[in-house]
Amino acid sequence: MSREMPQLPKTNTPCGPPHETSSISFWHSEPSPLLLGHRSTRHLPEKVDVVVIGSGLTGTSATRHLLRPTGSHSNAKLDVLMLEAREACWGATGRNGGHCQPLLFEHPHDPSIGEFELRNYNTLNQLIEAENIDCEWVSQPGVRAIYGTEIVERAKKALEVVKGNAPHLANLMRLVTDKTELAKYRIATADGAMITSVAARMWPYKLVAHLLEDLLTASDLQGTFNLQTFTLVQGISQANTGEGYEVQTARGTVLAKRIIVATNAYTSFVLPNFTDFIVPCRGQMSALKPLQSLSSEHRLKTSMGFEGDGLDDYLIQRPNERGGHLMFGGGRTNARSIGVTDDSFVDPKTAAYLRRQLVTVFDLPEKESGGQEPHVELTATHEWTGIMGFSRDDVPWVGPVPGRPGLFIAAGFTGHGMPNTFLSGAAAAIMVRAAIDGKTEKESITKAVEETNLPMKYLCTEGRREQCQQMESVEEREEGFERLRRVNAVAPDA
């Protein structure tokens, strides 16, 4: 999704809760009847072993791995309660761009991150195939079109670094600058493109819905699963007994021995001390009917991203037999985003940009139709927004929260969740299981890293928090996009 910065005070405050209503995501157009308004029990339980806050792919994966543990764990049966403020999977997982594309060149000096993203991709691919999940998962090449010679040079240098420290990852990607070859990918005006052989398009909500439905109806779980939708967590406090936590909601308080916070953008609402480390950011998406030049045999055969100065757009195309919608998001220089948690609002300027931009990017023949309309644009069946969680140092936060024994986190995916969330949630669950089995914090972390390849940079440590305090804030990092937004705000509509 797109991201950009409004003028905020230097001292940030915790974010607000999810908006009670939300814009209508295409991905929610076929909701699960079992999940809608689901409450496994009429009343909240008084106490449980683990509370998982959040029902996106992170929280769902964490719950799955708690109740269907892999690797060597005890046979302890756990009572797991999942709390969700709105409908199940109504946050970022149900509002994103439908991509699962490992960016193997994004962190060239730490190949463990690219390897982790690749493992997430392969794990999801295998899971979806093994369980025959109908979520429109299709593996296909990923194309990241680059606009700007300086950015092309940075990509070239990053690829050279990866060739030196992780040649197995470098073999999965190549940098293209030849205009003839760029034209074959329909991006003739780009200055270059990074092509990766591993990427996928999908319907994310349907994946999560399948996993949650399975947990709700299974008889082979190592414990019990209770899902409570429309149950906003209002606070977490140390239990009076000194062991565990009291989880406060409008429907009552639950005593939990351990908690996994999987709220991504809304983390600081639940954990205020993360205010400076995970910042909400609103992005915008659209589902567009394809013109003739992007239909049938002319459809897109790759996942696409568009990178440049003030440009961070993304695109997939759904199956022809299911409408072939172009799922296009971005336009982040058109409206405020950083610090915004209201996903009920769709910005009209961004919406117009998304309807028109592909005609220009692909130089579609329809723009020469000679009609009287000032703009040739695609028709949107759905336009919606969603809230991402931007991490101050650009990577997720996973593991025990310092100074809060029994409290774990997996959040802050910075608009790049699908190649990270499943195994991040799994890692948090493995740490919880290991702690229940009597392992020390260090032993629990080691076990999770061994079983998931979780990058050490993702760990939620006090040292990392201290380092982040010395970095520029998310708002400062996004200043370039805010500058372009201000320019666009005073310019006449294109």
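These numbers come from a predicted model, not from an experiment.

Trainee: I'd love a proper account of the overall build of the protein chain, names of residues and values included.
Mentor: A tally of helices and strands in the protein chain yields 13 helices and 19 strands. Against the compact-globule benchmark of 23 Å for 494 residues, the protein chain has a radius of gyration of 22 Å, which places it among compact chains. For the protein chain, the spread of C-alpha atoms along the principal axes amounts to about 75 × 50 × 50 Å. Counting only residues that meet the buried cut, the protein chain has 58% of its 494 residues in that class. In the protein chain, of all internal contacts separated by at least 6 residues, the share reaching a separation of at least 24 is 78%. Looking at charge distribution, the protein chain has the averaged site of its 50 positive side-chain charges lying 1 Å from that of its 59 negative ones.

Trainee: Before we move on, could you go through the packing of aromatic side chains and cite the residues and values that matter?
Mentor: Counting across every chain of the model gives eleven aromatic pairs. A ring pair is formed by Tyr121 and Trp137, whose centres lie 5.6 Å apart and whose planes are at 40°; its orientation type is tilted. With Tyr121 in helix α2 (residues 111-130) and Trp137 in the loop between α2 and β4 (138-139), this residue pair connects regions lying 16 residues apart in the sequence. For Trp137, a relative accessible area of 14% translates into the label buried.

Trainee: Tell me about the packing of helix α9 (residues 421-436) against helix α10 (residues 441-452), and please be specific about residues and values.
Mentor: Closest axis-to-axis distance for the α9/α10 pair is 8 Å, and the angle between their directions is 140°. The angle between α9 and α10 falls in the class oblique. Where α9 crosses over α10, the handedness of that crossing is right-handed. Seen from α9, the contacting residues are Leu423, Ala426, Ala427, Ile430, Met431, Ala434 and Ala435; seen from α10, they are Ser444, Ile445, Lys447, Ala448, Glu451 and Thr452. Tallied by class, the residues present in the contact of α9 with α10 amount to nine nonpolar, two polar and two charged.

Trainee: Give a detailed account of the nonpolar core, specifying residues and quantitative values.
Mentor: In this structure, Leu66, Trp137, Leu207 and Leu454 are the most contacted members of the largest nonpolar core, which totals 81 residues. Looking at this core, the element that brings in the most residues is α9, giving nine residues. What Leu207 contacts, discounting residues up to four positions off in sequence, is Leu57, Leu124, Ile128, Ile133, Cys135 and Met202.

Trainee: I'd love a proper account of α10, names of residues and values included.
Mentor: The end-to-end C-alpha separation of α10 is 17 Å, in line with the 16 Å expected for twelve residues at 1.5 Å each. Every buried residue of α10 is listed here: Ser444, Ile445, Lys447, Ala448, Val449 and Thr452. Where α10 is buried, its residues touch α2, β18 (397-400) and α9. Where α10 ends, the next residue or the one after it, Asn453, has phi of about 65°, a positive value.

Trainee: Would you mind going over the sheet that holds strand β14 (residues 303-308) in detail, with residue names and values included?
Mentor: Backbone hydrogen bonds hold the strands of a sheet together, and the pairing may be parallel or antiparallel. As summarised here, the arrangement of the eight strands in space is β6-β7-β5-β14-β15-β16-β13-β17, forming an open sheet in which the pairing is mixed. Looking at strand neighbours, the two that pair on one side only are β6 (173-176) and β17 (380-391), the edges of this open sheet. Averaged over all pairs of adjacent strands, the angle between strand axes in this sheet comes to 20°, irrespective of strand direction. Across the face of the sheet, helix α3 (residues 149-165) comes into contact with β5 (142-147), β6, β7 (192-196) and β14 while running at roughly 150° to β6. Of the strands in this sheet, β5, β13 (278-288), β14, β15 (311-317), β16 (326-329) and β17 touch helix α8 (residues 348-361), which is tilted by about 60° from β13.

Trainee: Help me get a handle on the confidence of the model for the protein chain, residues and values and all.
Mentor: Counting all residues, the mean pLDDT for the protein chain is 93, and 93% of those residues have values of 70 or more. Segment residues 1-11 is flagged for pLDDT under 50; beyond a separation of four residues in sequence, or across chains, it makes 54 contacts in the model.

Trainee: Kindly report on the state of the cysteines, identifying the contributing residues and their values.
Mentor: Following the criterion strictly, the structure yields zero disulfides and no others. No disulfide involves Cys89; its sulfur sits 11 Å from that of Cys135, the nearest cysteine. Assessed through its relative accessible area of 2%, Cys89 is described here as buried. The thiol of Cys460 is not disulfide-bonded; the next cysteine sulfur, from Cys468, is found 9.6 Å away.

Trainee: An account of the sheet that holds strand β3 (residues 99-100) is requested, with residue identities and associated values reported.
Mentor: If you trace the three strands from one edge of the open sheet to the other, you get β3-β8-β4, paired in antiparallel fashion. Edge strands, defined here as strands with exactly one partner in the open sheet, are β3 and β4. For β4 and strand β8 (residues 200-201), the ladder comprises two bridges, and the chain directions are antiparallel. Residue Val138 lies in a different strand from β8, and its bridge partner there is Arg201.

Trainee: Any details on the side chain of Arg144? Residues and values, ideally.
Mentor: Relative to the assigned elements, Arg144 resides in strand β5. A distance of 3.1 Å separates the side chain of Arg144 from the side chain of Glu307, its partner in a polar contact. Every residue in contact with Arg144, bar those within four places of it in the chain, is listed here: Leu103, Phe105, Gly192, Ala193, Met194, Gly305, Glu307 and Asp312.

Trainee: Lay out the packing of α2 against α9 with the relevant residues and their values.
Mentor: Across the interface, α2 lies against α9 with an axial gap of 8 Å and an inter-helix angle of 95°. The orientation of α2 relative to α9 falls into the category roughly perpendicular. Packed against α2, whose contacting residues are Phe116, Arg119, Asn120, Thr123, Leu124 and Leu127, the element α9 presents Thr421, Phe422, Leu423 and Ser424 at the interface. Residues belonging to the contact of α2 with α9 are distributed by class as follows: five nonpolar, four polar and one charged.

Each value, and the rule that gives it
Here the residue numbers are simple positions, counted from 1 along each chain's written sequence. The predicted origin of the model limits local features to residues at a pLDDT of at least 70 and limits the giving and counting of side-chain atom pairs to 80 or more, whereas totals for whole chains, interfaces and linings rest on all residues. Think of the side-chain values as coming from all heavy atoms in the structure, minus any hydrogens and water. Only DSSP runs of H or I reaching four residues or more are called helices, and only runs of E reaching two or more are called strands; each is numbered from the N terminus. All radius of gyration figures rest on C-alpha atoms, and the globule criterion is 2.2 Å times the number of residues raised to 0.38. Three labels apply to residues, based on accessible area from a 1.4 Å probe with only protein chains included: buried if under 20% of the type maximum, exposed if over 50%, partly exposed otherwise in between. Residue contacts are defined here by distance: any two heavy atoms, one from each residue, within 4.5 Å place the two residues in contact. His residues and chain termini do not enter the charge count, which takes Lys and Arg as positive and Asp and Glu as negative. One atom stands in for each charge, and that atom is NZ of Lys, CZ of Arg, CG of Asp or CD of Glu. Aromatic contacts are taken between Phe, Tyr and Trp rings whose centres are within 6.5 Å, Trp giving its six-membered ring; a plane angle under 30 degrees counts as stacked, one over 60 as edge-to-face, and the others as tilted. Note on method: axes are straight lines fitted to C-alpha atoms, helices fitted across the in-contact stretch only, with angles between N-to-C directions ranging 0 to 180 degrees. What sets the label is the angle itself: under 35 degrees gives roughly parallel, over 145 gives roughly antiparallel, 65 to 115 gives roughly perpendicular, and the rest give oblique. For any helix crossing, the convention is left-handed if the near helix is rotated counterclockwise from the far helix by under a right angle, and right-handed if that rotation is clockwise. Nonpolar residues are Ala, Val, Leu, Ile, Met, Phe, Trp, Tyr, Cys and Pro. Charged residues are Asp, Glu, Lys and Arg, and all others, Gly as well, are polar. We define a nonpolar core as any set of buried Ala, Val, Leu, Ile, Met, Phe, Trp, Tyr and Cys residues linked to one another through side-chain atoms lying within 4.5 Å. Expected helix span is computed as 1.5 Å times (number of residues minus one). Here the rule is simple: two strands pair whenever DSSP picks up at least two bridges between them. What pLDDT reports is the predictor's confidence in each residue, on a scale of 0 through 100. Note on terminology: disulfide denotes any pair of cysteine sulfur atoms within 2.5 Å. Throughout this description, a polar contact denotes any pair of N or O atoms lying within 3.5 Å of each other; where both atoms belong to protein, one of them has to be capable of donating a hydrogen while the other can accept it, and for residues adjacent in sequence the pair is counted only when both atoms sit in side chains.

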